[in-house]
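# Observations on chain architecture
Listed below, chain by chain, are the residues.
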Amino acid sequence: MTSSHRPLLSGPRRAAQVLAAAGAAALLLTGCGADSDAGSGEAKDGAGSGGTRTVKDATGTAVKVPANPKRIVTLTQEDLDAVLALGLKPVGITNGQGLNKPPAYLADKVEGVNVVGNLLQPVMDKVIAAKPDLILAGDLQDQQVLKQLREITPATLVTMAPTDDWKISFRGIGNAVNGLDKANKVIADYEAKAKSAGEGLGENKGAEVSIVRWNPEGPSWMEKRQFASGVALDMGLKRPKTQDKDGNAHTPSLSLEKINEIDGDWLFLSTLTSDGEKALKDVQEKPAYKELNAVKKNHAVTVDGSVWSTRGGPLASQAVIDDIVKALKAS
């Protein structure tokens, strides 16, 4: 995305990295597992009562992790989402994307958990105080920061490659915490729910949905493999012809003259910053916005950007399904 913390990739950068990322994603899944001479998690080198396992992270780096980690620190909300979906509670988290607090959809699940910094910007003293035995570092690319984290615990994993979708990252995290079977079940349950929810949309089954984030400079629509777009497709919904592009990024911010590109049967709008929220409110008073087909049919829905405009996770995907069902079944 175009947030100040972690922009999703634009076309040229994405194309340049896609091959390497695909290879890293494969390593994340196929290169993981217990040390060959450590049995099913029994101690290989005496470290910890549960022993250690060696896994490969999203960059293909082999990392030794506790067989059953007890003190997990997450540096992105996607990592946090994944850990919570696996039934684990971390000892340290970061604030949500574009926020100075944890994302609202996870807030009740992390009450009392220490915040150790902002998204991908950990405060090292706070990380040290959390005494982690495993750090999930999302898509962190700052090698100096990674070095500092690995001095706190060598069990520091990059969990997302640039083009990974949430299911790949989630399986990798599941494997890292010795819960791959549970991760696979969570994904299977999600896919069944998405299909069932889509089938139950009545006259809106298979509708075209436009998924847009409003930036201070204007709207950006999401490509088909961006997180929320993928959830909509898993529900059997379609994207407008102008947005039928296979990628996991988004367009540059559009001018008011190109606002028709965001139209569809339904329009889901999100923001991530107060400036973006103000820009959206301002444009909603303009004739060009009011002439959109979705707006005239009262099919424009404002949703939480900290859910819809991120790289996603199993709990976020449930929230997106619920938002879509609430809107489309109520019409």
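What counts and what doesn't
Residues numbered from 1 in each chain as written. Predicted model: local features only at pLDDT ≥ 70, side-chain atom pairs only at ≥ 80, totals over all residues. Heavy atoms only, no water. Phe/Tyr/Trp six-rings, centres within 6.5 Å; stacked < 30°, edge-to-face > 60°. Helix = DSSP H or I, 4+ residues; strand = E, 2+ residues; numbered from the N terminus. Buried < 20%, exposed > 50% of the residue type's maximum accessible area, 1.4 Å probe, protein only. Contact = heavy atoms within 4.5 Å. Salt bridge = Lys/Arg side-chain N within 4 Å of Asp/Glu carboxyl O.

### Description of the packing of aromatic side chains
Enumeration according to the criterion identifies four aromatic pairs in this entry. Geometrically, the ring pair formed by tryptophan 166 and phenylalanine 170 is tilted, given 6.3 Å between the ring centres and 45 degrees between the ring planes. Within this pair, tryptophan 166 and its partner phenylalanine 170 are both found in helix α5 (residues 166–176), separated by four residues, close to a single helical turn. You'll find tryptophan 166 and phenylalanine 170 in the same group, each marked buried.

### With respect to the environment of lysine 278
Checked against the element boundaries, lysine 278 lands in helix α8 (residues 274–283). As for lysine 278 and tryptophan 214, which are separated by 64 residues in sequence, their C-alpha atoms are 9.5 Å apart.

### Concerning the environment of leucine 280
Following the sequence through the fold, leucine 280 ends up in helix α8. Classification of leucine 280 by relative accessible area gives buried; the value is 5%. Separated by 61 residues in the primary sequence, leucine 280 and proline 219 place their C-alpha atoms 8.4 Å from one another. Setting aside residues up to four positions removed in sequence, leucine 280 forms contacts with Trp214, Leu269 and Thr271.

### A closer look at the pattern of salt bridges
This model, assessed by the stated rule, comprises 14 salt bridges. In this structure, lysine 296 engages glutamate 291 in a salt bridge whose closest nitrogen and oxygen atoms are separated by 3.8 Å. Note on accessibility: lysine 296 and glutamate 291 belong to one class, exposed. Via salt bridges that share partners, Lys167, Glu191 and Asp234 belong to a single interconnected network.

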